[in-house]
Amino acid sequence: MSADPAATRPSVVVIDDSTVIRGGFATVHPGLDVVATYANVEDFEAARVDCDVVVLDLLLRGPQGVESTATKQGRAAIRALRSLGHRVCLYTDERRALVLALCLRAGASGVVHKSDPPEVAVRAVQDIRDGQVVVTQSLVGLTELLDRRGAALALSPRQRQVISARARGRHWGDIAAELYITEGVAREHYQAACAKLRDYLQHTSAGDIELAFGVGPGDLLEED
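Since we're looking at a predicted model, the values are computed, not measured.

K.L.:
Whenever I open this one, the overall build of the protein confuses me. Can you help?
P.N.:
Helix and strand counts for the protein come out as 10 helices and five strands. For the protein, the residues scored as buried account for 46% of the 224 residues in total. Counting only contacts in the protein whose residues sit at least 6 apart along the sequence, the fraction spanning at least 24 positions is 62%. Only carbon and sulfur atoms are counted for the fraction: they give 51% of the accessible area of the protein, which is about 11000 Å².

Here it is as structure tokens:
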């Protein structure tokens, strides 16, 4: 009998400028197989290490803690990694929904916050390895907001109900009981809605996404 894919540890590369995170990530996340760590994207590109998922810090800084113009970061780093065929999970303190939405548009498959419990990060990386989309609580609310504003998300009525409940922090058991469905089915509706959000973001201009947030062109100070 073959092993359950979910029980197989995903292989990951961690790209983070913090020596503490690089040194301790494997210990804190034993459910992941950390095959290598790097302080910047360029070193990883040169090494050509294979992995299931790249865990990427959104903001990489130089050795003295100063942002380095020579280091790919943010959306430029995501695009570089995606061009090499890698799935990207952001590992960040960033919580601005617009910034995270534009990162998904650039090709990231999901977002995990550094303050999240380790099991959340492990589950997110497993899902991303398996081709799913992982979004933060703030982006769940964004999905609901964009849908209300008429964005072409094509959510089904059940997907709207699940997204609305998750945006308000409802637990899976409560959602399932209220909608008379199983938790597994509720998660399937949620995942389908998340995939539609990423598809929308990837096919909508950055300007239109900013407009949906009420942000003018150039107001968001983020490299392209």
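K.L.:
Explain the side chain of Gln191 to me, please; I cannot follow it from the model alone.
P.N.:
Positionally, Gln191 belongs in helix α9 (residues 183-202). According to the relative accessible area criterion, Gln191 is buried, its value standing at 17%.

K.L.:
Before we go on, may I ask you to explain the packing of aromatic side chains in this structure?
P.N.:
Two descriptors summarise a pair of aromatic rings, namely the distance from one centre to the other and the angle between the planes of the rings. Considering all chains together, one arrives at three aromatic pairs under this definition. The interplanar angle of 90° and the centroid separation of 5.3 Å between the aromatic rings of Phe25 and Tyr91 together place this pair among those described as edge-to-face. Taken together, the residues Phe25 in helix α1 (residues 19-28) and Tyr91 in strand β4 (residues 87-92) connect sequence positions 66 residues apart. The residues Phe25 and Tyr91 share a single accessibility class, namely buried. The interplanar angle of 55° and the centroid separation of 5.8 Å between the aromatic rings of Tyr38 and Phe44 together place this pair among those described as tilted. We note Arg166 situated over the ring of Tyr190; from NZ or CZ to the ring centre the distance is 5.9 Å.

K.L.:
Any chance you could explain the UniProt feature "modified residue: 4-aspartylphosphate" (unreviewed entry) in the protein here in plain terms?
P.N.:
Residues given the UniProt feature "modified residue: 4-aspartylphosphate" (unreviewed entry) here are Asp57. When you line up the elements, Asp57 lands in the loop between β3 (53-56) and α3 (74-83). Take Asp57: its relative accessible area is 6%, and that puts it in the buried class. Among all residues touching Asp57, those that are not within four sequence positions of it are Ile15, Asp16, Asp17, Tyr91, Thr92 and Lys114.

K.L.:
What is the right way to read the environment of Gly74 from this model?
P.N.:
With respect to the helices and strands, the residue Gly74 is situated in helix α3. Here the alpha-carbon distance between Gly74 and Leu60, two residues 14 residues apart in the chain, equals 8.1 Å.

K.L.:
How do you make sense of the sheet that holds strand β5 (residues 110-113) when you look at a structure like this?
P.N.:
For sheets, the rule is that strands pair by backbone hydrogen bonds, running either parallel or antiparallel. The strand order across the open sheet formed by five strands is β2-β1-β3-β4-β5, and the pairing between neighbours is parallel. Both edges of this open sheet fall to β2 (33-38) and β5, since each of them pairs with a single strand only. On average, each strand axis in the sheet is tilted by 25° relative to the strand beside it, whichever way the strands run. The pairing of strand β1 (residues 11-15) with β2 spans five bridges and is parallel. In the sheet register, Ser11 faces β2, and the bridge partner there is Asp33. The strands touched by α1 are β1, β2, β3 and β4; relative to β2, the strand with the most contacts, the crossing angle is about 175°.

K.L.:
I tried to follow the pairing of β3 on my own but got confused; where do I start?
P.N.:
Both faces of the sheet carry side chains from a regular strand, because those side chains alternate between them. Side chains Val53 and Val55 project from β3 onto one buried face, and the interleaved Val54 and Leu56 project onto a second face that is buried too. Alignment of β1 against β3, held across four bridges, turns out to be parallel. Bridging across to β3, Val13 finds its partner in Val54. Here four bridges tie β3 to β4, and the two strands are oriented parallel to one another. Looking at β4, one finds that Val55 is bridged to Cys89.

Quick notes on the rules
- The residue numbers shown here count from 1 along each chain, following its written sequence.
- Confidence filtering applies because this is a predicted model: local features only for residues at pLDDT of at least 70, side-chain atom pairs given and counted only at 80 or more, and all residues used for totals across whole chains, interfaces and linings.
- The side-chain figures draw on all heavy atoms in the structure; neither hydrogens nor water molecules are used.
- Put simply, DSSP H or I for four residues or longer makes a helix, DSSP E for two residues or longer makes a strand, and each gets a number counted from the N terminus.
- Relative accessible area decides the class of each residue, using a 1.4 Å probe on protein chains only: under 20% of the type maximum gives buried, over 50% gives exposed, and in between gives partly exposed.
- Only heavy atoms matter for contacts: two residues are in contact if any of them lie within 4.5 Å across the pair.
- Working definition of accessibility: Shrake-Rupley area with a 1.4 Å probe, residue cover restricted to the visible protein chains.
- Pairing of aromatic side chains here covers Phe, Tyr and the six-membered ring of Trp, requires ring centres within 6.5 Å, and sorts the geometry by plane angle: under 30 degrees stacked, over 60 edge-to-face, intermediate tilted.
- When the NZ atom of lysine or the CZ atom of arginine is within 6 Å of a ring's centre and also within 35 degrees of its normal, the charge is said to sit over that ring.
- UniProt positions are given in the numbering used here, feature names are shortened, and annotations may be inferred rather than shown by experiment.
- When DSSP finds two or more bridges between two strands, those strands count as paired.
- All axes are obtained by fitting lines to C-alpha atoms, using only the stretch in contact for helices, and the reported angles, taken between N-to-C directions, cover 0 to 180 degrees.

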